[in-house]
Amino acid sequence: MTKRYGLRVAAAILLLAAVLLVLPAAAGTTPPAGPLLLSFDSPNSSGTYAPGDVLEINATYDEALAPGSTIDILLNNSVPLTLDRLASQVGPRHKGSIVNGEGGALLDNAQGVFVAGDYAYVASYVNGALEIVDISDPARPVHKGNLSLGFGPKSVYVSGNYAYVANYNQYSLQIVDITNPAVPMLVSFFGFPSNPWDVFVAGNNAYVGISVGGMDGKLWIVNITNPINPTTTGIFEDPVWLPSPVDVFVAGDYAYVASKDYHALKIIDVTDPAHPIRAGSITNGEGGALLENPEGVFVSGTYAYVASTGSDSLAIIDISTPAAPVHVASITSPDMDGARSVFVDGNYAYVAGYLSDALTIIDVSTPASPVQVASISNQGMDGAFSVFVDGGFAYVPCYMSDALEIISTRSSTLSGTYTVGPGEETPLLTVGSITAHDAESLDGTRTNTSTALPATNLADTVALSIEGPVTAAFTAAPITGTAPLTVAFTDASGGTPDCWNWSFGDGVWFNTTDAGAANPTHTYTDPGTYTVNLTVVGGINNNDTLSRAGYITVSAPPTPTPVRSGTGGGANTDVGIGLATDLKRNDTASFAMDKGAVYRVECAAGTTIDKVMVTVRKASSLPSSVNGTGTDVYEFEQVTLYYAGEADLSARTIFFRVPQAWLASNGYDSGDIVLMHYNEETGTWDELPTEYTGEDGNYYLYRAETPSFSWFAIGVTQGAADVAGDVADTDAVTTVEEAAVPPSSPASTPTANAMTTPVATVSPDAAEPAGPTATQSPSSMPVLAALAVGPIGAGAIIRMRKDR
């Protein structure tokens, strides 16, 4: 309604935070009216950051701002930044108030209010007056004028140059000329046989609800075509059907009346105002409606919103068919104790609670599911009687505190982002000045234009630490010697790394986030010349890799361990590594491997996973802590999961191949192969359902699902081993000479649903792949190196996303 009533908002006055910036004023002058800057801060400014990190910077105001509002600031007196992303939200807070007697204001037992232009018109019951308040600056309302009307004004409605006052104790509708708000004048007096409660003006008629002692209800329709000479248009009189009509709202051809003692919403057809007739009705409890002692009604669209003091509630009624109104939803809350009045503005209903001394804001964007989003109460709102919302402000007459409270119902945040640059040091984000502060209110009348706001640290006095780029560096001793050679590595990296990834060149790597473990030792068992890589990470987009080619030389190899005839491959600790990042639930990461019989591992994410790494290490025998399999084995594999837990995965698939010659030489065929999984809890080997998928050159190809990663054995089923009659010496790996030309890996061709470009690919090579050099820019580094997961062996990572 362009109407008044009910906001009772007892609101604890919000204290401005330490970051509150107060607009300065010249000495001896009043600061200009305008949106108040409540806070100026960065929600993520405390902490350690590196070049490329992005920080959010916000400036929050106490009211809704116009689109296009901006604020330009200067960081460290040198970096210009504009905040221009505007967000508005519900954020009620005390804006201003005026109390009885202040500047001559008559506000004793204030009840009704109507806002028009720059003025609020208040019906003051005990003063017997119409008080007019200048609200051009809502933060500083001032008395403009008033008119004594005799004890009893309850409600006021403004239309054109006239204010229409329902005076309960004077049994009258009083019409006041407000052409000059400073000098209002009574122009006419229309009497009734009983007490008027409320008035609503629509067209040339004023609709007044009247009753005697809460009964004998009437809707009196007064013709105000000539405000100086009002006359009766028509009367709806039905004391049984319409007792105590305490609030009236007219929309279209219908008048909606809150019938307090009947506990109902009554709808009267006023298509012909001279002959109003019944249309429809809904009572308390009907369809679940909470309508005990309703005292406020507001119509918006096809819904009527009813505030009820007896049920402390807001009921929402579908009135698309006025003859048959239907309850849609009701919401109750302690903040609406004694709900007397409701005003709907946009997607929100504002309810004044007379007993809770509060203004409650309800989101009614979905009428069937109203949600309380905020409330405000303070000692100045004692007895919140009614509410009128206009321009982002709620005006609440307060019966017990004899005041008009003004509440800012919305707040706005102007945001921008700042990207940390290289070489910046602590403290960084100190505001030297705000060079062009142009925050404009929605009505376009309140604009701040200040250039002298005091400097402030966006972290609210907490210094922002910006770390420089990390640089990888290390030494080792000794770097030459005979096998076995134990080498101590010492990290000498610059900056502040929080992750170290060592690759020793012999297929073994070491990764840690523990600074106390960043200096590892490693033993080389075989002769050769080894390239050592170290990748260090110091935050997002902050990593560096140092590769020392041929850094370690090992000579005089030890006598090799004899390998019995028929074993395949001999001792081999080559490791394949795969890594994927940013997996969403049901995404699948596919890791290509070429260090052993396993040529691909796939993981399906059961939840969001920031990073997951899988390593596959082939071995010719098992450690002493792992029991034997009890059957012929081609190759043992140790598969290990990093960064994520087994519970984060919903599926795991291992793809492997076995030389046809190995099977033939041992008397087996392609159907005898099985992948066995070591159960670490029971100490037993479980045969996994293994699927034969075809041939590739001299190899048979297989796949198997596994419940977890652990030790695996690629071997033959127990039944096949029994038939072959050879179950002796079961824990050694039996092999034959593999083909001289290795077949192409099936994993080298992406599947149909794979991305056309792998995240990273490293060509198969016996030598350790070198990491990115320190001179490479972060943008030119492969994703794996940029995330500092270290050398990825010969693995190729293929990221596949499932259809949603």
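Residues numbered from 1 in each chain as written. Predicted model: local features only at pLDDT ≥ 70, side-chain atom pairs only at ≥ 80, totals over all residues. Heavy atoms only, no water.

S.K.: What am I meant to see in the sheet that holds strand β44 (residues 528–537) here?
M.R.: Sheet strands associate in pairs through backbone hydrogen bonding, adopting either a parallel or an antiparallel arrangement. As summarised here, the arrangement of the 5 strands in space is β39-β45-β44-β41-β42, forming an open sheet in which the pairing is mixed. Each having just a single partner strand, β39 (480–482) and β42 (509–512) make up the two edges of the open sheet. Each strand axis lies, on average, 20° off the axis of its neighbour in the sheet, ignoring direction. Sheet topology note: the β44/strand β45 (residues 543–555) ladder contains 9 bridges and is antiparallel. Across the sheet, Tyr-530 pairs through a bridge with Ile-552, a residue of β45. (Pairing = 2+ DSSP bridges. Helix = DSSP H or I, 4+ residues; strand = E, 2+ residues; numbered from the N terminus. Axes fitted to C-alpha atoms, helices over the stretch in contact; angles between N-to-C directions.)

S.K.: Help me understand the side chain of Ser-408 in this model?
M.R.: Relative to the helices and strands, Ser-408 resides in strand β33 (residues 403–419). Here Ser-408 falls in the buried class, since its relative accessible area comes to 0%. A distance of 3.2 Å separates a polar atom in the side chain of Ser-408 from the backbone oxygen of Arg-410. If we skip the residues at most four places from it in the chain, Ser-408 touches Asp-62, Glu-63, Gly-91, Pro-92, Arg-93, Lys-95, Gly-392 and Phe-393. (Buried < 20%, exposed > 50% of the residue type's maximum accessible area, 1.4 Å probe, protein only. Polar contact = N/O pair within 3.5 Å; in protein donor to acceptor, adjacent residues only side chain to side chain. Contact = heavy atoms within 4.5 Å.)

S.K.: I'm lost on the environment of Phe-192 in this one. Help?
M.R.: Within the fold, Phe-192 resides in the loop between β14 (185–191) and β15 (195–202). Phe-192 gets classed as buried once you look at its relative accessible area, which sits at 8%. As a C-alpha pair, Phe-192 and Ser-211 span 19 residues in sequence and 9.6 Å in three-dimensional space. Beyond its immediate sequence surroundings of up to four residues, Phe-192 is in contact with Tyr-171, Ser-172, Leu-173, Val-208, Ile-210, Trp-220 and Val-222.

S.K.: Which parts of the structure should I look at to understand the nonpolar core?
M.R.: For soluble globular proteins, the rule of thumb is that nonpolar side chains tend to be buried together. The biggest cluster of nonpolar side chains holds 100 residues, and the ones touching the most others in it are Leu-173, Ile-268, Leu-314, Val-342 and Val-387. Listed in part, the 35 residues of the second largest apolar core include Leu-649, Trp-662, Tyr-702 and Ile-714. (Core = buried A, V, L, I, M, F, W, Y, C linked by side-chain atoms within 4.5 Å.)

S.K.: How do you make sense of the pattern of salt bridges when you look at a structure like this?
M.R.: Oppositely charged side chains can pair when the atoms bearing their charge come close. Across all of its chains, the model carries 11 salt bridges by this definition. The residue Arg-85 makes a salt bridge to Glu-56 at a minimum N-O spacing of 2.7 Å. Note that Arg-85 is positioned in strand β6 (residues 85–99) and Glu-56 in strand β3 (residues 54–61), a separation of 29 residues in sequence. Take Arg-85: its relative accessible area is 40%, and that puts it in the partly exposed class. When the shortest N-O distance is used, the salt bridge between Lys-584 and Asp-582 registers 2.5 Å. Since its relative accessible area comes to 41%, Asp-582 is described here as partly exposed. Salt bridges sharing common partners tie together Lys-260, Glu-295 and Arg-340. (Salt bridge = Lys/Arg side-chain N within 4 Å of Asp/Glu carboxyl O.)

S.K.: I tried to follow the pairing of strand β46 (residues 575–583) on my own but got confused; where do I start?
M.R.: Working note: regular strand, side chains alternate between the two faces of the sheet. Of all 9 residues that make up β46, 7 are buried, and the element is covered over most of its length. Relative to strand β49 (residues 609–619), β46 runs antiparallel, the two being bridged by 8 bridges. If you follow Thr-581 over to β49, its bridge partner there is Lys-611.

S.K.: Mind showing me how you'd approach the sheet that holds strand β26 (residues 326–332) here?
M.R.: Sheet architecture is open: 4 strands sit in the order β23-β24-β25-β26, paired in antiparallel fashion. In this open sheet, the two edge strands, each paired with only one partner strand, are β23 (294–300) and β26. Going across the sheet, the axis of each strand differs from the next one's by a mean of 20°, ignoring polarity.

S.K.: Quick question: what am I supposed to make of unusual backbone geometry here?
M.R.: Keep in mind that most residues, glycine aside, have a negative phi and that most peptide bonds are trans. With an omega of -10°, the peptide bond running from Ala-477 to Pro-478 counts as cis. In this structure, the amide linkage connecting Ala-483 to the following residue, Pro-484, adopts the cis form with an omega of -5°. Of note, Pro-484 is situated in the loop between β39 and β40 (485–491). Notably, Tyr-171 is not glycine yet its phi reads approximately 50°, a positive angle. Topologically, Tyr-171 is positioned in the loop between β12 (162–167) and β13 (172–177).

S.K.: What is the right way to look at the confidence of the model for the chain in this model?
M.R.: Parts of the model with low pLDDT should not have their predicted coordinates read in detail. Across the chain, pLDDT averages 79, with 75% of residues at or above 70. Across residues 558–573, confidence stays below pLDDT 50; counting only partners more than four residues off in sequence or on other chains, it has 27 contacts. Segment residues 725–804: pLDDT under 50, and 186 contacts once partners within four positions in sequence are set aside and those in other chains are kept. (pLDDT = per-residue confidence, 0-100.)

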